[in-house]
Amino acid sequence: MLVEYFVKRYAEKARKQISKIDKNTLKLCQSYHWPGNIRELQNIVERSVILCSGDTFWIDEAWLSSQGAPRPKSSGPLVQTVQNYEKELIEGALAESNGKVAGPNGAAAKLGIPRATLDFKIKQLKIKKNTIR
């Protein structure tokens, strides 16, 4: 199984002695549909190995993406406040970078987040990046 391969690989890199995989983690890995494919698996295994303090590998279920699962609609005051703040930060970074998202001088670099995350947030918050300059 790929999980075992990645656990061994990242454990060697981190110089950790991991000899077992938690049973619930195996079930979780087998039942999860892995929308991010191999990269998502690698990232989660690497994070888990880093955080693992014993000889048993485990994955926190909260780390797995819930994009495929239906989410309850949140629209309370805290969510609105956070979304407004995110929108302001993103619009400010886009203005500073003249609407450029990627690259060393792009908005993603200014915000310290991956470009894909910024693209997702721009779409989610309905930001019109073409008008921000």
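Residues numbered from 1 in each chain as written. Predicted model: local features only at pLDDT ≥ 70, side-chain atom pairs only at ≥ 80, totals over all residues. Heavy atoms only, no water.

### Some words on the overall build of the chain
In terms of regular secondary structure, the chain is built from six helices and two strands. Sequence-ordered secondary structure for the chain, helices as α and strands as β, is α-β-α-α-β-α-α-α. Taking the intrachain contacts of the chain between residues at least 6 apart in sequence as the baseline, contacts between residues at least 24 apart amount to 61%. Here the chain displays about 9400 Å² of accessible surface, and carbon together with sulfur accounts for 51% of that area. (Helix = DSSP H or I, 4+ residues; strand = E, 2+ residues; numbered from the N terminus. Contact = heavy atoms within 4.5 Å. Areas by Shrake-Rupley, 256 points an atom, 1.4 Å probe, with all protein chains shown as cover.)

### Considerations on the packing of helix α1 (residues 2–13) against helix α3 (residues 37–51)
At a minimum axis distance of 9 Å, the contact between α1 and α3 shows a crossing angle of 45°. As the angle between them shows, α1 and α3 are arranged oblique. Once α1 is placed against α3, the crossing between them reads as right-handed. Where α1 abuts α3, its residues L2, V3, F6, V7, R9, Y10 and A11 lie against I38, L41, Q42, V45, E46 and V49. Considered class by class, the residues forming the contact of α1 with α3 number 10 nonpolar, one polar and two charged. (Axes fitted to C-alpha atoms, helices over the stretch in contact; angles between N-to-C directions. Parallel < 35°, antiparallel > 145°, perpendicular 65-115°, else oblique. Left-handed = near helix turned anticlockwise from the far one by under 90°. Nonpolar A, V, L, I, M, F, W, Y, C, P; charged D, E, K, R; others polar.)

### What about the packing of helix α4 (residues 77–96) against helix α6 (residues 115–124)?
Running from amino to carboxyl end, α4 crosses α6 at an angle of 120°, the nearest separation of the two axes being 11 Å. Taken together, the axes of α4 and α6 are oblique relative to one another. Classified by chirality, the crossing of α6 by α4 is left-handed. Of the residues in α6, those touching α4 at E86, I90 and L94 are L118, K121 and I122.

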